[in-house]
Amino acid sequence: MSPIHRHPLTVPSGAIDANGHANNVEYMRWMQDAAISHADAAGCTAVTRAAGASWVVRSHHVEYLRPVFAGEDLVILTWISTLQRASSARKYLILRVSDHALAARGETHWVFVDAATGRPRAILPEIMAGFQIVPAAEEPHGWT
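Read on for a plain summary of the structure. Computed from a predicted model, the values in this text were never measured in an experiment.

**Focus on unusual backbone geometry**
- Phi at H100 takes a positive value of approximately 60°, unusual for a residue other than glycine.
- Note that H100 resides in the loop between β4 (87-96) and β5 (102-114).
- Given a relative accessible area of 41%, H100 falls into the partly exposed group.

**Some details on the pairing of β4**
- Taken across its 10 residues, β4 has nine buried, putting it largely inside the fold.
- Where strand β3 (residues 73-83) meets β4, nine bridges bridge the pair, whose relative direction is antiparallel. Following the sheet pairing, L74 is matched in β4 by R96.
- Between the end of β3 and the start of β4, which pair antiparallel, lie three residues.
- As paired strands, β4 and β5 are joined by nine bridges and run antiparallel to one another. Bridge pairing links Y92 to G106 in β5.

**With respect to the layout of surface pockets**
- A volume near 360 Å³ is recorded for the largest pocket.
- I36, A39, T45, W55 and W110 are, among the 18 residues lining the largest pocket, the residues nearest its centre.
- Residue assignment for the lining of the largest pocket shows that the elements contributing at least two residues are α1 (24-41), α2 (44-50), β2 (53-64), β3 and β4.
- Classifying every residue of the lining of the largest pocket gives 11 nonpolar, five polar and two charged.

**Topic: the pairing of strand β1 (residues 5-10)**
- Residues H5, H7 and L9 point to one face of β1 and are all buried, whereas R6, P8 and T10, pointing to the other face, are not buried.
- Strand direction decides the pairing type here: β1 and β3, joined by six bridges, are antiparallel. Bridge assignment links T10 to a residue of β3, and that residue is D73.

**Digging into the sheet that holds β2**
- Read across the sheet, five strands follow the order β1-β3-β4-β5-β2 without closing on themselves; strand pairing throughout is antiparallel. Looking at strand neighbours, the two that pair on one side only are β1 and β2, the edges of this open sheet. Taking the axes of each pair of neighbouring strands and ignoring which way they run, one obtains an average angle of 25° across the sheet.
- Where α1 meets the sheet, it contacts β1, β2, β3, β4 and β5, and its direction lies at approximately 135° from that of β1.

**Thoughts on the packing of aromatic side chains**
- Here the structure, examined in full by the defined rule, presents three aromatic pairs.
- Consider the rings of Y27 and Y64, whose centres lie 5.0 Å apart with planes at 80°: the pair is edge-to-face. Here the residue Y27 occupies a position in helix α1, and Y64 occupies one in strand β2, the gap between them amounting to 37 residues.
- A relative accessible area of 2% places Y27 in the buried class.
- Pairwise contacts between aromatic rings join Y27, W30 and Y64 into one cluster.

**Thoughts on the nonpolar core**
- Counting 19 residues, the largest nonpolar core has V11, Y27, W30, V68, L74, I76 and I94 as its most contacted members.
- Here this core gets six residues from one element, more than from any other, and that element is α1.
- Aside from chain neighbours lying at most four places away, what touches L74 is H7, P8, L9, V11, W30, V68, I94, L95, R96 and V97.
- Counting 10 residues, the second largest nonpolar core, distinct from the first, contains A39, I80, F112 and F131.

The rules behind these values
Residues numbered from 1 in each chain as written. Predicted model: local features only at pLDDT ≥ 70, side-chain atom pairs only at ≥ 80, totals over all residues. Heavy atoms only, no water. Helix = DSSP H or I, 4+ residues; strand = E, 2+ residues; numbered from the N terminus. Buried < 20%, exposed > 50% of the residue type's maximum accessible area, 1.4 Å probe, protein only. Pairing = 2+ DSSP bridges. 1 Å grid on protein atoms, 1.4 Å probe; cavity = no way out; pocket = protein on both sides within 12 Å on 5 of 7 lines; lining within 4 Å. Points joined across faces, edges and corners; volume = space filled by probe spheres on them. Nonpolar A, V, L, I, M, F, W, Y, C, P; charged D, E, K, R; others polar. Axes fitted to C-alpha atoms, helices over the stretch in contact; angles between N-to-C directions. Contact = heavy atoms within 4.5 Å. Phe/Tyr/Trp six-rings, centres within 6.5 Å; stacked < 30°, edge-to-face > 60°. Core = buried A, V, L, I, M, F, W, Y, C linked by side-chain atoms within 4.5 Å.

In structure tokens form, the structure reads like this:
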């Protein structure tokens, strides 16, 4: 499995705000959806649930570069940039398919927590084995 996950989506009309383009909040939702898709593909979602654990976002940052509009096809590239004892950083590129334009880039910092207590816990070895860290020198900067 490639360490850089591709998550396609079409911008729904419900994502459009009063300015006529996708609302900034939607980008965070799409980043979360891409992260979950990556975890599902790596088999980590099932392992996480079986262990009584969950992932929560501690912080996020999105840099909005170009607006996107209803009906446009996008691809979100996402990858793990760090993986520590109980946390992970994940990066994203949001690309428009029609012209390969970079619409946004972002980063989220996730914490692995006990689902019952909400307290951080060590990431299971099976989960760590499911992901490859992408070094900064190998990160994509656009369409790949």
